[in-house]
Amino acid sequence: MIELQNISFAVDSDSQEKEILRDVSLSIGDGKLVVITGPNGGGKSTLARMIAGVEKPSSGRILFNGEDITNLSITERAKKGIGFAFQQPVRFKGIQVLDLLRIAAGKPLSVGDACNYLAQVGLCARDYIGREVNASLSGGELKRIEIATVLAKASSLSVFDEPEAGIDLWSFQNLIEVFEGMRRNIQGSSILIISHQERILSIADEIVVLKDGRVTASGPREEILPTLIGTQAAVRECRKNVVKKDEVGVC
Amino acid sequence: MLKLDEIQKRLLMEVADLHKVPEGAYNIRSNSQSAGRQSTANIEITPKTDVSGLDIRIKPGTKNESVHIPVVMTQSGLTELVYNDFYIGEGADVTIVAGCGIDNCGPKDSEHDGIHRFYVGKGAKVRYVEKHYGSGSGTGKRILNPGTEVYQEEDSSVEMEMVQIKGVDDTERTTTAELAAGAKLVVRERLMTHGSQRAISTYVVSLNGEGASADVVSRSVARDDSYQKFDAKLVGNAACSGHTECDSIIMDRGRILAVPGLEANDVDAALVHEAAIGKIAGDQIIKLMTLGLTEQEAEEQIINGFLK
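Presented here is an overview of the structure given in this document. (Residues numbered from 1 in each chain as written. Chains lettered and ligands numbered in written order. Predicted model: local features only at pLDDT ≥ 70, side-chain atom pairs only at ≥ 80, totals over all residues. Heavy atoms only, no water.)

Next up on the list: the overall build of chain A. Of the regular secondary structure elements, chain A holds 9 helices and 10 strands. C-alpha extents for chain A along the principal axes are approximately 45 × 45 × 40 Å. In chain A, buried positions account for 52% of the 251 residues. Total accessible area on chain A is roughly 11000 Å²; 44% of this is exposed by carbon and sulfur atoms. Charged side chains in chain A number 30 positive and 32 negative. The centres of these two groups are separated by 3 Å. (Helix = DSSP H or I, 4+ residues; strand = E, 2+ residues; numbered from the N terminus. Buried < 20%, exposed > 50% of the residue type's maximum accessible area, 1.4 Å probe, protein only. Areas by Shrake-Rupley, 256 points an atom, 1.4 Å probe, with all protein chains shown as cover. Lys, Arg positive; Asp, Glu negative; His and termini not counted. Charge placed at Lys NZ, Arg CZ, Asp CG, Glu CD.)

Here's what the structure looks like:
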């Protein structure tokens, strides 16, 4: 269970304070799959990074299983059971896919187990296990490896920042199976996904809409999703490559 | 025959992965003396008579054999200059493992300057591995100045792996190579300096024949107050191809100077140089921290991977 209480976050932009998040409060219960959507620039990724500890709020508190983690480091949060899949995966010269999965698992991981994680994200394991996580991998391959590291970490709360971006050749169905598998395999596992893809919104238990740094709507999917169809907050797969930043997409 | 103490055995393990007497031809040099030597039917090792060092003659056509010639020094204040000449016969295919480990527990500098000359016959293939390592708590410096000269005949191939990860205070490495038509040279250098160490690495590779190629890549990390200079020059004297690369991470107050040098004396010479120096990317550390590593553990993983 994670609870964000009155989170605000501001940055200096051209010597002016710019508010990215304004008094955001929300909670994600155990076993829940919550999707945060909303227009680009609304503060979604910042919120995800704040939960992982990459950014610290200007004010407000974050509670994880009842404990105040607001001032804990990224490492401490990771050890307490928070996983985070980057929107733009990081490249490493020399570190192999197997090394990264082993670091993620935090324990000795057999090649067979590592291969299973890669298979779950649709990669032919034997072709990738010894590859370096460097620029020789395509954006889509890196994205899937990024998701595999979060699978291997087996966190009680996994945060995915736009997991579908860059995996065009891999079906949405497989991605959805990954999330469903996590919920099945990790006791009480909760998942937070940043996405404005309708297919992903349609598997959410709850949806939160973030706009201009504020929560403008939140509640069960059945209630929220119908209000989003046809807006930029719920884009259909077929249009994901053509929707412009500030365009209200209608398929 | 081999009489080595525990420190010498540890140094041998570090520089040549040797846990026991190697198979094949070898010469183990310990504190300026030969602690063991063996030739084989195809590889003859003989000591030089005019200067300190060895002649290593590998018969034409020798396949899948290896030569180990590691050097260990544990006596503080020892300074030596050694010439080892390798004559690799036509069509041979061999692995040569060199390397030097210095343990200096005393107040005086210990220095090993090894000059290795390779005469590589037509079509021969050589894989050369050279590791340098220093240890010991003495105030005396551990100094290694390797000089490598490579003369490659037509269609020969040389792959060199040079590694210096720890404990060498001062090193000046000079490598020159001359390649005839169709010859290929690949160099992979891995270097880490720390404390107030200094490492200078200079290459001059002359591509003299049509179809000759060279690929010289250095990956290095400079920590603390250490200094590195990577000076790689390729000279294209024919229709050839060459690539040099210096890829470096700097940490703390470390400094690195990369000096690209390309000289094309033939219109069909294709020469490329790349150099990148920078600190560890912040997002790499953040990613590994989200997987549960501390900042320091993340840095170690990134450096280990980079130098692997």
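Now that the structure has been shown, we can carry on.
The subject of this paragraph is the overall build of chain B. Across its full length, chain B carries 3 helices and 22 strands. Against the compact-globule benchmark of 19 Å for 308 residues, chain B has a radius of gyration of 20 Å, which places it among compact chains. The buried share of chain B, reckoned over its 308 residues, is 56%. Excluding contacts between residues fewer than 6 apart, the proportion of contacts in chain B whose partners are at least 24 apart in sequence is 81%. Accessible surface, chain B as shown: approximately 12800 Å² in total, 47% of it carbon and sulfur. In chain B, 33 positive and 46 negative side-chain charges are present, and the distance between their average locations comes to 4 Å. (Rg over C-alpha atoms; globule rule 2.2 N^0.38 Å. Contact = heavy atoms within 4.5 Å.)

A few words now on the nonpolar core. Among the nonpolar cores identified, the biggest contains 99 residues, and Ile2, Leu21, Leu118, Phe160 and Phe179 of chain A together with Leu288 of chain B are the most heavily contacted of them. When sequence neighbours within four positions are dropped, the list of residues in contact with Leu21 of chain A reads Ile7, Ser8, Phe9, Gly43, Thr46, Leu47, Met50, Leu210 and Gly213 of chain A. In terms of nonpolar packing, the next biggest core, distinct from the first, is built from 42 residues, Val126, Ala183, Val187 and Val216 of chain B among them. (Core = buried A, V, L, I, M, F, W, Y, C linked by side-chain atoms within 4.5 Å.)

Attention shifts here to the interface of chain B and chain A. With 19 residues of chain B in contact, the opposing surface of chain A contributes 23 residues. For the pairing of chain B and chain A, the buried interface totals around 1800 Å² over both sides, and the portion due to carbon and sulfur atoms is 66%. Interface area lost by chain B to chain A is led by Lys287, Thr290 and Leu291 of chain B, which between them contribute 34%. Where Glu146 of chain A meets Lys287 of chain B, a salt bridge forms, and the shortest distance between an N and an O atom there is 3.0 Å. The interface formed by chain B and chain A includes 6 residue pairs in polar contact (both at pLDDT 80 or more). Elements with a contribution of two residues or more to the side of chain B that touches chain A: helix H2 (282-290) and helix H3 (295-306) of chain B. The element contributing the most residues to the side of chain B that touches chain A is H2 of chain B, with 7 residues. (Buried area = accessible area lost by both parts, 1.4 Å probe. Salt bridge = Lys/Arg side-chain N within 4 Å of Asp/Glu carboxyl O. Polar contact = N/O pair within 3.5 Å; in protein donor to acceptor, adjacent residues only side chain to side chain.)

Every other side chain in a regular strand lies on the same face of the sheet, so the side chains alternate between the two faces. All names here are of chain B. The pairing of strand S3 (residues 43-47) with strand S4 (residues 53-58) spans 5 bridges and is antiparallel. When the bridges of S4 are listed, Thr46 appears paired with Asp55. Between S3 and S4, which pair antiparallel in sequence order, lie 5 residues. (Pairing = 2+ DSSP bridges.)

So, on to empty space enclosed by the protein. Residue and element names in this part refer to chain B. Summed over the entire model, instances satisfying the criterion amount to 4 cavities of 30 Å³ or more. By volume, the largest cavity amounts to about 130 Å³. Lining the largest cavity are 15 residues, with His112, Gly114, His116, Glu130 and His132 positioned closest to its centre. Listing elements by their share of the lining of the largest cavity, those giving two or more residues are strand S7 (79-88), strand S10 (110-120) and strand S11 (125-135). Classifying every residue of the lining of the largest cavity by side-chain character gives 7 nonpolar, 7 polar and 1 charged. For the second largest cavity, the calculated volume is near 70 Å³. If you go around the second largest cavity, the residues you meet are Met162, Val163, Gln164, Thr171, Arg173, Glu189, Arg190, Leu191, Ala199, Ile200 and Ser201. (1 Å grid on protein atoms, 1.4 Å probe; cavity = no way out; pocket = protein on both sides within 12 Å on 5 of 7 lines; lining within 4 Å. Points joined across faces, edges and corners; volume = space filled by probe spheres on them. Nonpolar A, V, L, I, M, F, W, Y, C, P; charged D, E, K, R; others polar.)

A few words now on the packing of aromatic side chains. By the definition in use, this model includes 7 aromatic pairs over all chains. Relative to Phe179 of chain A, the ring of Phe160 of chain A has its centre 5.0 Å away and its plane inclined at 70°; by these criteria the two rings are edge-to-face. Placement of Phe160 of chain A in strand S7 (residues 157-161) and of Phe179 of chain A in helix H7 (residues 172-185) is noted, with a sequence separation of 19 residues between them. Phe179 of chain A shares its class with Phe160 of chain A; the two are buried. Ring plane angle 10° and centroid distance 5.2 Å describe the contact between Tyr119 of chain B and Tyr151 of chain B, whose orientation is recorded as stacked. Here the residue Tyr119 of chain B occupies a position in strand S10, and Tyr151 of chain B occupies one in strand S13 (residues 147-152), the gap between them amounting to 32 residues. (Phe/Tyr/Trp six-rings, centres within 6.5 Å; stacked < 30°, edge-to-face > 60°.)

The final tally for this structure, using the stated rule, is 26 salt bridges over all chains. When the shortest N-O distance is used, the salt bridge between Arg61 of chain A and Asp68 of chain A registers 3.5 Å. Arg61 of chain A gets classed as partly exposed once you look at its relative accessible area, which sits at 39%. Since its relative accessible area comes to 36%, Asp68 of chain A is described here as partly exposed. Close ionic contact of Lys93 of chain A with Asp247 of chain B constitutes a salt bridge, the shortest N to O distance being 2.4 Å.

Residues and elements named next belong to chain A. The 6 strands are arranged S6-S7-S8-S3-S9-S10 in an open sheet whose pairing can be described as mixed. The open sheet has two edge strands, strand S6 (82-85) and strand S10 (214-220), and neither has a second partner. Each strand axis lies, on average, 15° off the axis of its neighbour in the sheet, ignoring direction. Where strand S9 (residues 206-211) lies against S10, 6 bridges are found, and the strand directions are antiparallel. Opposite Lys211, over in S10, you have Arg214 as the bridge partner. Lying over the sheet, helix H6 (residues 139-153) contacts S6 and S7, oriented at roughly 175° with respect to S6. (Axes fitted to C-alpha atoms, helices over the stretch in contact; angles between N-to-C directions.)

Let us now look at the sheet that holds strand S1 (residues 2-13) of chain A. Whenever strands of a sheet pair, they do so through backbone hydrogen bonds, lying parallel or antiparallel. Residue and element names in this part refer to chain A. With respect to topology, 4 strands assemble into an open sheet ordered S2-S1-S4-S5, the strand pairing being antiparallel. At either end of the open sheet lies a strand with only one pairing partner, and these are strand S2 (16-28) and strand S5 (67-68). For S1 and S2, the ladder comprises 9 bridges, and the chain directions are antiparallel. Looking at S2, one finds that Glu3 is bridged to Ser27.

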